[in-house]
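Analysis of the macromolecular model
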Amino acid sequence: MNLKNNTDRLSVINFIMLTVSGIINGFGVTTFLAPVHLYDSGFSGTSMLLAQITPKSLSLSLFLIILNIPLFLYGYKKQGKIFTIYSIYAVIIYSLTSYVITYILPVDVLTASPFAGNDLILCAVFGGILSGIGSGLTIRFGGALDGVEVLSVIFAKKIGITVGTFVMVYNVLLYIAAGIIMSSWILPLYSIITYMAALKTVDFIVEGIDKAKSAMIITTMHDEINKALSEEFGSGITIIDAKGYYSSKSTYMIYFVVNRFQISKMKKIVKRIDPNAFVTITDVSEVFHEKNTQ
């Protein structure tokens, strides 16, 4: 995962959305997770655990700042100025939201969730979803809410694992530590539900429901297939000359991007025209284009 923001200017829209994301994340963690001692992932979950085992003067809001901001500054050279500024801003908003809800607003979040009471399943699911929305929006608008993501980009390759694996290992160790320290495995196990709900929500926010798919179609009947696909979907199509390794016969490879709802129709068109066509379909993280030039 590349967290580096490619823009070279700060955006007012991004700051507005980062404000929204920080508030959503703080609201979800403070009103659903913290009251029942469930743990978010990454440094957010670490901050929650530290706030439970240290004096009350050391709050969740304080640990969020202490753990995250130094790491964002440490990763400044690798991630860039824009990303660092956006991330620190989002963390500050998250921390402030948590503080305001806990200590200023007239709502009790110290003994139970004001919305789900002590129902651990409801708190885990909805806390995870809100945390995922906050994190996903932050990523989508150029920053990150958790320093573990930066830590993973910096160190994962050095120790020979992927970024995703690094984050997962960190969270597993966090939940194990919580179980040992609190002498109970019930809350850490429920926290895994929170983590999975947040993870799926982040994917949804960042990639969207209409996630693109790329189709690679190898066929000798490229003209007919191209015409049918173009007429049906009105999308650009790329044709690549190809050659079979064993047969040494010339053929063509068609590269075509569709959304998840168009896959079935695309396969029917290809199969109807060339039953012997070889088709592979893979996920596409993002698609950039200004106009159709193909």
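Residues numbered from 1 in each chain as written. Predicted model: local features only at pLDDT ≥ 70, side-chain atom pairs only at ≥ 80, totals over all residues. Heavy atoms only, no water.

Bringing the environment of Ile101 into the picture now. Relative to the elements of secondary structure, Ile101 occurs in helix 5 (residues 81–104). Its relative accessible area of 8% is what places Ile101 among the buried residues. Ignoring any residue separated from it by four or fewer positions in sequence, one finds Ile101 in contact with Gly26, Phe27, Thr30, Thr31, Val107 and Val109. (Helix = DSSP H or I, 4+ residues; strand = E, 2+ residues; numbered from the N terminus. Buried < 20%, exposed > 50% of the residue type's maximum accessible area, 1.4 Å probe, protein only. Contact = heavy atoms within 4.5 Å.)

Strand order in the open sheet formed by 4 strands is 2-3-1-4, with antiparallel pairing between adjacent strands. Pairing within the sheet leaves two strands with one partner each, and these edge strands are strand 2 (237–243) and strand 4 (278–283). Each strand axis lies, on average, 20° off the axis of its neighbour in the sheet, ignoring direction. In this sheet, strand 4 lies alongside strand 1 (residues 212–219) in antiparallel orientation, the contact comprising 6 bridges. Residue pairing across strands places Met216 opposite Thr280, the latter belonging to strand 4. Along the sheet, helix 10 (residues 222–233) makes contact with strand 1, strand 2 and strand 3 (250–259), crossing strand 3 at roughly 10°. (Pairing = 2+ DSSP bridges. Axes fitted to C-alpha atoms, helices over the stretch in contact; angles between N-to-C directions.)

Here we take up the packing of aromatic side chains. For the coordinates displayed, the defined rule picks out 10 aromatic pairs. Both rings, one in Phe32 and one in Phe126, keep their centres 6.1 Å apart while their planes meet at 25°; by these two values the pair is stacked. Here Phe32 is found in helix 1 (residues 12–33), whereas its partner Phe126 is found in helix 6 (residues 120–140), with 94 residues between them in sequence. On the basis of relative accessible area, Phe126 is assigned to the partly exposed category, the value being 42%. Every member of this aromatic cluster is reached through a ring pair, and the members are Phe27, Phe32, Phe115 and Phe126. (Phe/Tyr/Trp six-rings, centres within 6.5 Å; stacked < 30°, edge-to-face > 60°.)

Looking only at helix 11 (residues 263–273), the buried set comprises Ile263, Met266, Ile269, Val270 and Ile273. In a view along the axis of helix 11, the buried residues occupy a sector of 130°, so they form one face of it. Residues of helix 11 that are exposed and angled more than 90 degrees away from the buried face: Lys268, Lys271 and Arg272. The secondary structure elements touched by the buried residues of helix 11 are strand 1, helix 10, strand 3 and strand 4. (Arc of directions from axis to C-beta.)

All right, on to unusual backbone geometry then. Of note, His37 is a non-glycine position whose phi angle comes to about 65°, a positive value. With respect to the helices, strands and loops of the structure, His37 is situated in the loop between helix 1 and helix 2 (42–53). Of note in this structure, Ser183 is not a glycine but carries a positive phi near 55°. Note on Ser183: relative accessible area 66%, which makes it exposed.

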